[in-house]
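Tertiary structure, described
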Amino acid sequence: MQAAELKYVIFGALFITTLCAQFRIAEGQALPKRIYAGFNSGENYRPLLSTISSLTFGIAEFLREGRNYHQAEPPDMTPGPDAEYDVIVVGAGSAGAVIASRLTEIPELKVLLLEAGRSENLIMDIPLMVNYLQFSNDVNWKYRTEPSDSYCLGMTDRRCNWPRGKVMGGSSVLNYMIATRGDKRDYDRWAELGNVGWSYDEVLRYFKKMENIGIPGLRVDEKMHNTEGPMAINYPTFHTPLATAFLQAGEELGFDIQDYNGRTETGFSYIQTTTANGSRVSTSRAYLHPVKTRRNLFVSKNSLVSKVLVDPRDKRAVGVEFYKNNRKFAVRARKEVVLSAGTIGSAQILMLSGIGPAEHLADIGIPLVKDAPVGKNLMDHIAYGGFVALVDQPASIIGRDIMNPVKPYIADYLTNRQGPLTVPGGCEALAFLNTDTPNDHGSWPNVELLFQGASLGSDQGARRGFGISDKFWSRTYREIENRHSWSILPMLLRPLSRGEILLRNRNIRSPPRIIPNYMSHPEDVRLMVAGIRAAQNVTRTSAMRQFGSRQFDVRFPGCQRFTYDSDGYWECAARTLTFTIYHHSGTAKMGPQGDPTAVVNPRLQVYGVKGLRVADASIIPEIPTAHTNIPVIMIGEKLADMVKEDWGYTTDGWERSARSARRG
Ligand SMILES: Cc1cc2nc3c(=O)[nH]c(=O)nc-3n(C[C@H](O)[C@H](O)[C@H](O)COP(=O)(O)OP(=O)(O)OC[C@H]3O[C@@H](n4cnc5c(N)ncnc54)[C@H](O)[C@@H]3O)c2cc1C
């Protein structure tokens, strides 16, 4: 185990032990007699001694697994001077890890994967801990948007926090594990824009190729699902009764309980998650761990790529420059460079390489290689973050209780991977709906209601993660800290507002300027308010009222000029607690030849520069009605096939081999 790894494991062990000590003293006389009774799930009594011994056993087992886990990741190597590879992939995130894994299926392709971050570890894969990962300078790029007067008004400095993963697996290690593909019409729209090969029927095979669905009812649906791909998709093993009530509320409102990754997206469902055995499955874990011994896969971690090297004679990408251990390296690519550094990272590297808006690059003093609209078309999904309902029963997840080691939850997680720690950051269920045609359950959704069996008041993690200012907090949600509650994040699925990313200077270590322009389009404002109204309708159902649910009607400072509960008030509230749902995309847009807004063609090749592709969330032309991890994995899968095809290698026709394997 490396020193950095050891630090995490020791930190984890100390964290749990310290909690043990604290809670034993503080709650010595109030030890819970009926564990899980707070979740209405029976009379599950367990004596303290049994919990402590499970905990001790669980910690020992966790440490052992942590050691094995570290060894399962491909090892770090450092390329020699002037080292040459066939393909260089930049960024081992949701797309990059997939691409490196798939390309190295061809034994004669020598692939270098460069990642700015460190190794992943087991603590990062505990679903309920997800908010806390964002506090680490080690694994989070910690971007922040430029200050704004029209959104994120309740955040410190009026800036929104934009976490991104800086670790093997990228943002698939920081994300909430919600697995969604989007609607058929999202991808048919990509094709309609001129992106040949990207219609739903053409990308469905990649959604299936990646998937190992573990949800019993869905395993049999072979048209829509696959049980043999690398990416495990399961329900969390635990639900609060509030999440079940949310599904009942959906039925009460006339919606179906739906496999939203199946034939119809509209409806209510528990979240499907990229988890296996109660633990996160990142793309590194799914795609790179199993192939760590491939002799043609080379992984260099802690390697910050600063530019693509382009031969000025024929405008061909010939390699990349990067920094590792305070040294500068240049490595060469015989065939291609693939940028998978994410919506911010890929845009930054392209511009630093002279590929970007001519005027902007001139302002920064970067010689132009290709005038291209890099950094434009920035999209994101946002939600109103302040919708909270209080309940009368102890049915929700309260961080302080869950992390109390004399209660059974930590022990249950460590020994069996069961219980509330398997719930990703409190997210439990969701609904896709179209607020304009609520009775048409086949329509293209425009709003998602993301249900949490917890709220801003349940735990300080979410509040800090989003950067809500102390002043705002103390005048609003402080009064409901640690009270039982649930929340809905009404999320805008098809935003029309567009933002941009600009370089701050020529230094790769300077975070770029991020200007998302949230809610600059009036239609986005209208639908955000409609989403809040839909959340109110859920609150009023008898399913939710059985817990005494009522909306916490806090009045926001700064919105007093509006009548409470008017549309104007909710617009003001959404501009105050504007939550990114972290689906930053679009800054190297895919589009057909002749589209002035496009940076890459439908084979993801950069216009005007040979041997250079971009494959990650930045190529998304219009954001799908989905959380973006699964769509980006699909992009990685498809890109790998396109590279293989373009260099004359066979693609696998995995459907045929899966069928014949099943036939035996
Ligand atoms: C906090 C959070 C929660 C989210 N929740 C969900 C969710 O529940 N469900 C969902 O579907 N989506 C979710 N998302 C979004 C989803 O995870 C992303 O859309 C997806 O991971 C993006 O993949 P990517 O390949 O484009 O970028 P990333 O996965 O971010 O990968 C980019 C990689 O490139 C590396 N890199 C960047 N710059 C450089 C450089 N200069 N040199 C070398 N390496 C570099 C980065 O370190 C990173 O590893 C969430 C994202 C975040 C941050």
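Owing to the predicted nature of the structure, the values given are computational and were not obtained by experimental measurement. Each chain carries its own residue numbering, running from 1 in the direction its sequence is written. Predicted model: local features are reported for residues with pLDDT of at least 70 only, side-chain atom pairs are reported and counted for 80 or more only, and whole-chain, interface and lining totals are derived from all residues. Based on all heavy atoms of the structure, the side-chain values leave hydrogens and waters out of the count.

**Re the overall build of the chain**
- Looking only at helices and strands, the chain has 20 helices and 25 strands in total.
- Taking 664 residues into account, the globule formula puts the C-alpha radius of gyration at 26 Å, and the chain, at 24 Å, falls close to it.
- For the chain, the C-alpha atoms occupy an extent of roughly 75 × 55 × 55 Å along the three principal directions.
- Burial status follows relative accessibility: with a 1.4 Å probe on protein chains alone, a residue under 20% of its type maximum counts as buried, one over 50% as exposed, and anything between as partly exposed. By the burial criterion, 63% of the 664 residues in the chain qualify as buried. For the purposes of this entry, the term helix denotes a DSSP run of H or I that reaches at least four residues, the term strand denotes a run of E that reaches at least two, and both are numbered from the N terminus. C-alpha atoms define the radius of gyration in this analysis, and the globule rule sets the expected value at 2.2 Å times the number of residues to the power 0.38.

**Overview of the site of the ligand**
- For the ligand, the set of nearby residues contains 38 residues, the closest of which are Ser94, Glu115, Ser171, Thr628 and Asn629.
- N or O atoms closer than or at 3.5 Å make up a polar contact, with two conditions inside protein: a donor-capable atom paired with an acceptor-capable one, and, for residues adjacent in sequence, both atoms drawn from side chains. Here Ala116 contributes a backbone N or O atom positioned 3.2 Å from a nitrogen atom of the ligand.
- For the ligand, an oxygen atom lies 3.1 Å from a polar atom in the side chain of Trp141.
- Only the protein chains shown count as cover for residues, and the accessible areas themselves come from Shrake-Rupley with a 1.4 Å probe. Calculation on the ligand without its partners gives an accessible area of 1000 Å², and the protein chains cover 98% of this total. Being near a molecule or strand, for a residue, comes down to having at least one heavy atom within 4 Å of it.

**Some remarks on the UniProt feature "active site" (unreviewed entry) in the chain**
- UniProt positions are given in the numbering used here, feature names are shortened, and annotations may be inferred rather than shown by experiment. Those residues carrying the UniProt feature "active site" (unreviewed entry) are His583 and His627 in this numbering. The largest pairwise C-alpha distance within this set of annotated residues, which runs over 45 residues, is 6.6 Å, so the set is compact in three dimensions.
- For His583, a relative accessible area of 4% corresponds to the buried category.
- Residue contacts are counted whenever heavy atoms from the two residues lie within 4.5 Å of one another. Among all residues touching His583, those that are not within four sequence positions of it are Met379, Asp380, His381, Met491, Ile623, Ala626, His627 and Thr628.
- Polar side-chain contacts of His583 include one of 2.7 Å to the side chain of His381.
- Checked against the element boundaries, His627 lands in the loop between β25 (612-614) and α19 (629-646).

**Some remarks on the packing of aromatic side chains**
- Centres within 6.5 Å are what make two rings of Phe, Tyr or Trp a pair, Trp counting through its six-membered ring; a difference in plane orientation under 30 degrees is then read as stacked, over 60 as edge-to-face, and the rest as tilted. Considering all chains together, one arrives at 26 aromatic pairs under this definition.
- With 5.0 Å between their ring centres and 80° between their planes, Phe472 and Phe556 make a pair best called edge-to-face. Residue Phe472 is located in helix α15 (residues 470-474), and its partner Phe556 is located in the loop between β23 (550-551) and α18 (567-576); the two are separated by 84 residues in the primary sequence.
- Classification of Phe472 as buried rests on a relative accessible area of 7%.

**Considerations on the UniProt feature "domain: Glucose-methanol-choline oxidoreductase C-terminal" (unreviewed entry) in the chain**
- Residues given the UniProt feature "domain: Glucose-methanol-choline oxidoreductase C-terminal" (unreviewed entry) here are residues 495-636.
- Spanning residues 495-636, this segment combines 28% helix with 10% strand, and its end C-alpha atoms are found 24 Å apart.

**A closer look at the environment of Gly465**
- Counting through the fold element by element, Gly465 comes out in helix α14 (residues 460-466).
- For Gly465, a relative accessible area of 9% translates into the label buried.
- Along the primary structure Gly465 and Asn131 are separated by 334 residues, whereas in three dimensions their C-alpha atoms are 6.4 Å apart.
- Beyond its immediate sequence surroundings of up to four residues, Gly465 is in contact with Gln134, Phe135 and Asn161.

**A closer look at the state of the cysteines**
- Here, the term disulfide refers to a pair of cysteine sulfur atoms separated by no more than 2.5 Å. Tallied over the entire structure, the rule returns two disulfides.
- In this model, Cys152 is linked to Cys160 through a disulfide, with the two sulfur atoms separated by 2.2 Å. Handedness here is read from the sign of the S-S torsion; for Cys152 and Cys160, about 115°, the answer is right-handed.
- What makes Cys160 buried here is its relative accessible area of 3%.
- Residue Cys559 pairs covalently with Cys572 via a disulfide, S to S 2.0 Å. In this structure the cystine formed by Cys559 and Cys572 twists about its S-S bond by roughly -85°; its chirality is therefore left-handed. Of this pair, Cys559 sits in the loop between β23 and α18 while Cys572 is found in helix α18, placing the two residues 13 residues apart along the sequence. Across the pair, exposure class does not vary: Cys559 and Cys572 are buried alike.
- Counting only the cysteines that take part in disulfides, in the order they occur along the chain, gives the pairing 1-2, 3-4.
- Sulfur of Cys427: no disulfide; nearest cysteine sulfur belongs to Cys152 and is 18 Å away.

**A look at helix α6 (residues 200-209)**
- Counting buried residues in α6 gives seven out of 10 residues, a clear majority hidden from the surface.
- Residues Tyr200, Val203, Leu204, Tyr206, Phe207, Lys208 and Lys209 constitute the buried set of α6.

**Here's the deal with α18**
- Where burial is concerned, most of α18 is hidden: seven out of the 10 residues are buried.
- Listing the buried residues of α18 in full gives Tyr569, Trp570, Cys572, Ala573, Ala574, Arg575 and Thr576.
- On the buried face of α18, the contacting elements are β16 (382-384), α15, α16 (522-539), β23 and β24 (578-580).

**What to know about the pattern of salt bridges**
- Each reported salt bridge corresponds to a side-chain nitrogen of Lys or Arg within 4 Å of a carboxyl oxygen of Asp or Glu. Counting across every chain of the model gives 45 salt bridges.
- Ionic contacts of the salt-bridge type, sharing partners, join the residues Arg102, Glu105, Arg205, Lys209, Glu637, Asp641 and Lys644 into one network.

**A short note on the side chain of His627**
- Under the relative-accessibility criterion, His627 is labelled buried at 6%.
- In terms of polar contacts, His627 uses its side chain to reach the side chain of Glu448, at 2.8 Å.
- Engagement of the side chain of His627 in a polar contact is seen with the side chain of His583, the distance being 3.4 Å.
- The contact partners of His627, leaving out residues within four places of it in the chain, are Ile178, Thr180, Glu448, Leu450, Met491, Ile581 and His583.

**Some thoughts on the packing of helix α3 (residues 96-103) against α19**
- Each axis is a line fitted through C-alpha atoms, and for a helix only the stretch in contact is used; angles between axes span 0 to 180 degrees, taken between their N-to-C directions. In the contact formed by α3 and α19, the axes pass within 8 Å of each other and the chain directions differ by 35°. In terms of crossing hand, the pair formed by α3 and α19 is right-handed. Here Val98, Ile99, Arg102 and Leu103 of α3 lie close against α19, whose contacting residues are Ile633, Gly636, Glu637, Leu639, Ala640, Val643 and Lys644. Here a crossing is taken to be left-handed if its near helix is turned anticlockwise relative to the far helix by less than a right angle, and right-handed if that turn runs clockwise.

**Things to note about unusual backbone geometry**
- Residue Lys142 is not a glycine yet carries a positive backbone phi of 55°.
- Mapped onto the elements, Lys142 comes out in the loop between α4 (130-133) and β3 (143-144).
- You will see that Met177, though not glycine, has its phi angle at about 70°, which is positive.
- Judged by relative accessible area, which is 1%, Met177 ranks as buried.

**Re the pairing of strand β18 (residues 427-433)**
- For β18, a buried count of seven out of seven residues is recorded, marking the element as mostly surrounded by other parts of the structure.
- Pairs of strands are assigned from DSSP output, requiring at least two bridges between the strands. Of the strand pairs in this sheet, strand β7 (residues 267-270) and β18 are connected by four bridges, and their pairing is antiparallel. Each residue of the ladder has a partner; that of Ser269, found in β18, is Leu430.
- With six bridges connecting them, β18 and strand β19 (residues 447-452) associate as antiparallel partners. Residue pairing in the sheet places Leu430 in a bridge with Leu450 of β19.

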